[in-house]
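Structure assessment
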Amino acid sequence: MLPASVQPYFFLSYAHTPRFGAGGPDPDMWVERLFRDLCGHVMALTDLPAGAEAGFMDREIRSGEGWSERLGAALATCRVFVPLFSPRYFASEMCGKEWFAFAHRAIQHGAASNERAEAIVPALWVPVPPSQLPGPAERLQFNHNTFGERYVTDGLYGLIKLRGYAEQYERAVYELARRIVRVAETVRLDPVRPVDYRVVPSAFGPSGSSGGAGSGPARTLHVTVAAGSRHDLPEGRSPEYYGESALDWNPYHPVSQRPIAYVAEDVIKNLNYQTTMSSFDDEAGHFDSKQPPTRPEILIVDRWVVEDEHRRQRLAAFDQESRPWINVVVPWNRYDHQSRAKEAELARRLEETLPVKMGQGRAACRAAANGVANMETLGQILPQVVEAAAQQFLRHAQVYLPAGNTRTERPRLLGPMGMSEPPTPPAAPFPPDAYNAYDAHIDGNDSNDTDRGDADDSES
């Protein structure tokens, strides 16, 4: 963790622009000017001491020694994240990684406090139509109009480059700095342990897929929770971890103040998915392996459900059907004394109930099924489980030939807007090109991977 004196006040995230030929001018010099101007305003608007880090900008360190550690430390400690919107930004995997790492801090903060913590302040470098924004950016509640009309139409790049707009540029940058300070003083995100930036997923979807900006139909994923409510718990089980329905189950209480379903939803949305949720009790007849899948899915299971014979039998029947596009996650709080006392028994019974699901997939999937010990570990392992479910969905989803296609080439899956015959299938949860983009990854992540993993923390 960085000392408080060198923790940056804000993190400026932008997409590097390639030079036009060797020896040409550096196009990122305009971003550096913006960064210097923002730092000056932030220092003037706050009581930061001399020598404090007003801001952090990734200039040349991506090719230098220790760049991953420095980026990770800055993202883990900065107060505000400032992405510079542009078409190039949302096409950048690196920028998507920076966004995901910071947004996950806000998710953890929200889980602990049960309050939304929005500390992302976007800036328009080059205006991007709302229809071209990926989900995480589209969901931001932000009014750019307060920064000036020319800022909205031309962006900071236009204001800084075009003569005659110096006054509009100064106003926009000053208003942006004021917004950064206001958010920093209001939200107060706690620093966290830095993540390994090299293995962080992108918030804009897989590199090269159509799941990012301007891709049309969004990717969808369904979350089902198998847990009891406070009204039907096994004898002796404390109701403090439960609510009115399975979706209110909060296994990491009291550290977390939010139910696990909604924390998982936030993490999955931060991977550029749209999500739906339901209780396993309400899903009778939904799991039908004879029908092609319509979306990847995650099943979140409370080990205590095996104490209810009806739910246990339904889970056992579910396990006997082949549904590799559904991955299981088992949150497990070792500081829940009742759960810890019965850990061996409940774990054994769940493994007997779900032998297929407990042993299927990559090491990360098996580790998630064997018990996720805390919220931090959940945030690290859930993106891997989601990716594995998505890849299995692409393997098993129904294939439709484009209308009039008589060629014998490998068919592509098409969304509902891309075909007239045969009859329109259910809305595709992934944009059409996403299927091709994932093909390169599927063969390298075989579902028969035999490496073992453990989704646990060192303290347990």
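Since we're looking at a predicted model, the values are computed, not measured.

Cut-offs and rules
Residues numbered from 1 in each chain as written. Predicted model: local features only at pLDDT ≥ 70, side-chain atom pairs only at ≥ 80, totals over all residues. Heavy atoms only, no water. Salt bridge = Lys/Arg side-chain N within 4 Å of Asp/Glu carboxyl O. Helix = DSSP H or I, 4+ residues; strand = E, 2+ residues; numbered from the N terminus. Buried < 20%, exposed > 50% of the residue type's maximum accessible area, 1.4 Å probe, protein only. Phe/Tyr/Trp six-rings, centres within 6.5 Å; stacked < 30°, edge-to-face > 60°. Axes fitted to C-alpha atoms, helices over the stretch in contact; angles between N-to-C directions. Parallel < 35°, antiparallel > 145°, perpendicular 65-115°, else oblique. Left-handed = near helix turned anticlockwise from the far one by under 90°. Contact = heavy atoms within 4.5 Å. Nonpolar A, V, L, I, M, F, W, Y, C, P; charged D, E, K, R; others polar. pLDDT = per-residue confidence, 0-100. Pairing = 2+ DSSP bridges.

1. Topic: the pattern of salt bridges
Counted under the stated rule, the structure contains 22 salt bridges. When the shortest N-O distance is used, the salt bridge between Glu 244 and Arg 230 registers 3.9 Å. Within this pair, whereas Glu 244 is found in the loop between strand 5 (219-226) and helix 8 (260-269), its partner Arg 230 is found in the loop between strand 5 and helix 8, the two being separated by 14 residues in sequence. Look at Glu 244 and you get exposed, because its relative accessible area is 54%. Judged by its relative accessible area of 39%, Arg 230 is partly exposed. Each member of the salt-bridge network shares a partner with another, and the members are Asp 232, Asp 281, Asp 308 and Arg 311.

2. Here we look at the packing of aromatic side chains
Ring pairs (aromatic) are described by centroid distance and by the angle formed between their planes. Taken as a whole and judged by the stated rule, the model has 15 aromatic pairs. Note on Phe 11 and Phe 56: the rings are 5.2 Å apart at their centroids and 25 degrees apart in plane angle, and the pair reads as stacked. In this pair, Phe 11 sits in strand 1 (residues 10-13) while Phe 56 sits in strand 2 (residues 55-57), placing the two residues 45 residues apart along the sequence. Ring geometry for Phe 85 against Trp 99: centres 6.2 Å apart, planes inclined by 25 degrees, an arrangement best described as stacked.

3. Some points on the packing of helix 4 (residues 93-113) against helix 8
The axes of two packed helices give the description: the angle between them and the distance between them. Remark: helix 4 packs on helix 8, axes separated minimally by 10 Å, with the N-to-C direction vectors making an angle of 165 degrees. Judged by the angle between their axes, helix 4 and helix 8 are roughly antiparallel. For the crossing formed where helix 4 meets helix 8, the hand is right-handed. Residue-level contacts link Phe 100, His 104, Ile 107 and Ala 111 of helix 4 to Val 263, Asp 266 and Val 267 of helix 8. Partitioned by chemical class, the residues of the contact of helix 4 with helix 8 number five nonpolar, one polar and one charged.

4. Brief notes about the packing of helix 8 against helix 14 (residues 375-396)
With their axes 10 Å apart at the nearest point, helix 8 and helix 14 run at an angle of 55 degrees to one another. Classified by the angle their axes make, helix 8 and helix 14 are oblique. Between helix 8 and helix 14 lies a crossing of right-handed hand. Across from Ile 260, Val 263, Ala 264, Val 267 and Ile 268 in helix 8, the residues of helix 14 making contact are Met 375, Leu 378, Leu 382, Pro 383 and Val 386. For the contact of helix 8 with helix 14, the class distribution of residues is ten nonpolar, no polar and no charged.

5. Examining the confidence of the model for the protein chain
Interpretation of the predicted coordinates at a detailed level should be avoided for regions scoring low in pLDDT. Mean pLDDT over the protein chain: 83, with 78% of residues reaching 70 or higher. Between residues 208-216, whose pLDDT stays under 50, and residues either more than four places distant or in other chains, the model counts 22 contacts.

6. Concerning the sheet that holds strand 5
An order of 6-5-7-8 is seen for the four strands of this open sheet, with the pairing classed as parallel. Each having just a single partner strand, strand 6 (273-279) and strand 8 (326-329) make up the two edges of the open sheet. Geometrically, the sheet is characterised by an average inter-axis angle of 25 degrees between neighbouring strands, direction not taken into account. Here strand 7 (residues 297-301) pairs with strand 8 via four bridges, running parallel. Bridged to Ile 298 within strand 8 is Asn 327. Most of the contacts of helix 14 go to strand 8, to which it runs at about 165 degrees, and overall it touches strand 5, strand 6, strand 7 and strand 8.

7. As for helix 8
Of all ten residues making up helix 8, eight are buried, and the element is well covered by its neighbours. If you check which residues of helix 8 are buried, you get Ile 260, Ala 261, Val 263, Ala 264, Glu 265, Asp 266, Val 267 and Ile 268. Looking at the buried residues of helix 8, the elements they touch are helix 4, strand 5, strand 6, strand 7 and helix 14.

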